[in-house]
Protein chains: 2
Amino acid sequence: MLTNKGKYGLKAIVHLARLEAGETAQVANVAQRNNIPKKFLDAILLDLRNAGMLRSKKGPGGGYALAKPARAIKVGAVIRALEGPIAPIACASRSAFRACEDCGDIDTCPVRSVMSDVRDAIAGIVDNTTVDDLVQRSIAREPLHADYAI
Amino acid sequence: MLTNKGKYGLKAIVHLARLEAGETAQVANVAQRNNIPKKFLDAILLDLRNAGMLRSKKGPGGGYALAKPARAIKVGAVIRALEGPIAPIACASRSAFRACEDCGDIDTCPVRSVMSDVRDAIAGIVDNTTVDDLVQRSIAREPLHADYAI
DNA sequence: CTAATTATCTACTAATTTTATAGACAATAA
DNA sequence: TTATTGTCTATAAAATTAGTAGATAATTAG
């Protein structure tokens, strides 16, 4: 499940990725443009900054910007930074494995088996989609850039 | 995310799928063998019964059994019955679509775009894996049936 | 230096969801 | 008729999510 935190974070990072090179955006602006509670976004952007995806600057004219090219930021990294492991269940996680307390034998557990497949399927998407991919798709779908307008 | 409810439900239905043809199992037994709180499992099996996957019989000698062959029950159906839609976010759900309140334009939303892909990836696994598949995998991984024992 | 601006940090609260539990009721078999 | 087993309603504890309040720190402009 993607919580509001993850959703807001993805929207915000796409917003930042669409800025001109060198430009920054302030939290208040990103929040307003994307209908995100400002205080909540404060905490979210801080997480993404601490994860190395954003850089920030205080004071007048300050704000946030990507710390690296949008094509170098995977959607999976954003989600993991904000929501933790992507596996549907801890025993199927690669980065944060933990056995269930109720589980007799992890090797024969049918739930773990299918949930590991699900984990891999999710990773196959989020770790092969970058923030730049999202920007390009958004642009491609905006009315003025639709196919029939070419 | 798979909650305990979904995990317990999957374990229980696999348990029932491993019974002899015509045999039933009582909730108390399924609960004990799988380390599931009995009262919680009561509610779970009821959900699966109401979804048409299980049949039940009251009284002495009663219990639960599959309502159809294990190969006709998809993991996705079990999860949906117990946890609702599989999409990570409502706007990416096919069965229970709902727009986000904060979303300006659903057609260009980058979050919805990638989460739709994730939804399809998850469905690709859970809707192509049956309860019988889980049973077969469990059996194949049990020590006495391991490859080296052939 | 001062004042305005903007990010950072800590602490807290409210709402929602998950994870159950209690106990009465209904059906069935011996 | 009694013991057994599923069914149903109501409730509560625990955990997670979603936010808010308010002080602090850094930077810029004047």
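This one's a predicted model, so the numbers in the text were calculated from it and none came from an experiment.

A.B. asks: Help me understand the interface of chain A and chain B, please; the structure alone is not making it clear to me.
C.D. replies: Quoted interface sizes are often the accessible area lost when the parts come together. Residue-level contacts link 36 residues of chain A with 36 residues of chain B. Here chain A meets chain B over a buried area of about 3,200 Å², counting both sides, of which 65% is carbon and sulfur. Our count for the contact surface shared by chain A and chain B stands at 6 salt bridges. For Arg137 of chain A, the salt bridge is made with Asp117 of chain B, and the minimal N-O distance between the two is 3.3 Å. Applying the counting criterion to the chain A and chain B interface returns 16 residue pairs in polar contact (both at pLDDT 80 or more). Only helix H1 (4-17), helix H4 (75-83), helix H5 (110-126) and helix H6 (131-141) of chain A provide two or more residues apiece to the side of chain A that touches chain B. The element best represented in the side of chain A that touches chain B is H5 of chain A, accounting for 11 residues.

A.B. asks: How should the relation of the copies chain A and chain B be read in this particular structure?
C.D. replies: Relating one copy of the chain to the other takes a rotation about an axis and a shift parallel to that axis. Expressed as a screw operation, the relation of chain A to chain B combines 0.0 Å of axial shift with a rotation of 180°, fitting to an RMSD of 0.0 Å. In symmetry terms, the pair is related by a two-fold rotation axis. Interface residue correspondence from chain A to chain B reaches 100%, placing this contact among same-surface, isologous pairings.

A.B. asks: Would you explain the protein's contact with DNA strand D in this entry?
C.D. replies: In the vicinity of DNA strand D lie 23 residues, with Thr3, Lys39 and Pro60 of chain A together with Ser56 and Tyr64 of chain B positioned nearest. Considering the 4 Å shell around the protein, atoms of DNA strand D inside it are sugar or phosphate in 76% of instances. Interatomic distance of 3.1 Å between a side-chain N/O atom of Gln26 of chain B and a phosphate oxygen of DNA strand D. Between DNA strand D and the protein, one listed contact pairs a phosphate oxygen with a backbone N or O atom of Val27 of chain B at 3.0 Å. Those elements giving two or more residues to the surface near DNA strand D turn out to be H1 and helix H3 (38-50) of chain A together with helix H3 (38-50), strand E1 (54-57) and strand E2 (63-66) of chain B. For the surface near DNA strand D, the per-class residue count stands at 8 nonpolar, 7 polar and 8 charged.

A.B. asks: Teacher, can you tell me more about the protein's contact with DNA strand C here?
C.D. replies: What surrounds DNA strand C is a group of 23 residues, the closest being Ser56 and Tyr64 of chain A together with Lys39, Phe40 and Pro60 of chain B. Each atom of DNA strand C within 4 Å of the protein was classed as base or backbone; sugar and phosphate made up 80%. For DNA strand C, a phosphate oxygen lies 3.0 Å from a polar atom in the backbone of Val27 of chain A. Within the residue set of the surface near DNA strand C, elements represented by two or more residues are H3, strand E1 (54-57) and strand E2 (63-66) of chain A together with helix H1 (4-17) and H3 of chain B. Looking at the surface near DNA strand C residue by residue, the class counts come to 8 nonpolar, 7 polar and 8 charged.

A.B. asks: Looking at this model, I keep getting lost on the packing of aromatic side chains. Mind explaining?
C.D. replies: Between two aromatic rings, the relevant description is the distance of the centres plus the angle of the planes. Residue and element names in this part refer to chain A. Tallying each qualifying case throughout the model produces 2 aromatic pairs over all chains. Judged by centre distance (5.7 Å) and plane angle (90°), the rings of Tyr8 and Phe40 are edge-to-face. Of this pair, Tyr8 sits in helix H1 while Phe40 is found in helix H3, placing the two residues 32 residues apart along the sequence. Judged by its relative accessible area of 8%, Tyr8 falls in the buried class. What makes Phe40 partly exposed here is its relative accessible area of 36%.

A.B. asks: Looking at this structure, I do not really get the packing of H1 of chain B against helix H6 (residues 131-141) of chain B. What am I missing?
C.D. replies: Between two packed helices, both the angle of their axes relative to each other and the distance between the axes serve to describe the pair. All names here are of chain B. In contact at an axis separation of 9 Å, H1 and H6 are set at 75° when each is read in the N-to-C sense. With respect to H6, the axis of H1 lies roughly perpendicular. Only Val131, Leu134 and Val135 of H6 make contact with H1, whose side of the interface consists of Ile13, Val14 and Ala17.

A.B. asks: What should I look at first to understand the pattern of salt bridges in this one?
C.D. replies: Opposite charge on two side chains allows them to pair when their charged atoms are near. Here the structure, examined in full by the defined rule, presents 18 salt bridges over all chains. A salt bridge links Asp42 of chain A to Lys38 of chain A; the nearest nitrogen and oxygen atoms lie 3.3 Å apart. Placement of both Asp42 of chain A and Lys38 of chain A in helix H3 is noted, with a separation of 4 residues, approximately one turn of the helix. Exposure remark for Lys38 of chain A: the relative accessible area of 39% places this residue in the partly exposed category. With a closest N to O distance of 2.7 Å, Asp102 of chain A and Lys7 of chain B form a salt bridge.

A.B. asks: What should I look at first to understand the nonpolar core in this one?
C.D. replies: Note that soluble globular proteins tend to have their nonpolar side chains buried in a common cluster. The biggest cluster of nonpolar side chains holds 96 residues, and the ones touching the most others in it are Ile13 and Met115 of chain A together with Ile13 and Met115 of chain B. Look past the residues within four positions of Ile13 of chain B in its chain and what remains in contact with it is Leu48, Met53, Leu54, Leu66, Ile73, Val78 and Val131 of chain B.

Criteria and thresholds
Residues numbered from 1 in each chain as written. Chains lettered and ligands numbered in written order. Predicted model: local features only at pLDDT ≥ 70, side-chain atom pairs only at ≥ 80, totals over all residues. Heavy atoms only, no water. Contact = heavy atoms within 4.5 Å. Buried area = accessible area lost by both parts, 1.4 Å probe. Salt bridge = Lys/Arg side-chain N within 4 Å of Asp/Glu carboxyl O. Polar contact = N/O pair within 3.5 Å; in protein donor to acceptor, adjacent residues only side chain to side chain. Helix = DSSP H or I, 4+ residues; strand = E, 2+ residues; numbered from the N terminus. Least-squares fit on C-alpha atoms with pLDDT ≥ 70 in both. Near = heavy atom within 4 Å. Nonpolar A, V, L, I, M, F, W, Y, C, P; charged D, E, K, R; others polar. Phe/Tyr/Trp six-rings, centres within 6.5 Å; stacked < 30°, edge-to-face > 60°. Buried < 20%, exposed > 50% of the residue type's maximum accessible area, 1.4 Å probe, protein only. Axes fitted to C-alpha atoms, helices over the stretch in contact; angles between N-to-C directions. Parallel < 35°, antiparallel > 145°, perpendicular 65-115°, else oblique. Core = buried A, V, L, I, M, F, W, Y, C linked by side-chain atoms within 4.5 Å.

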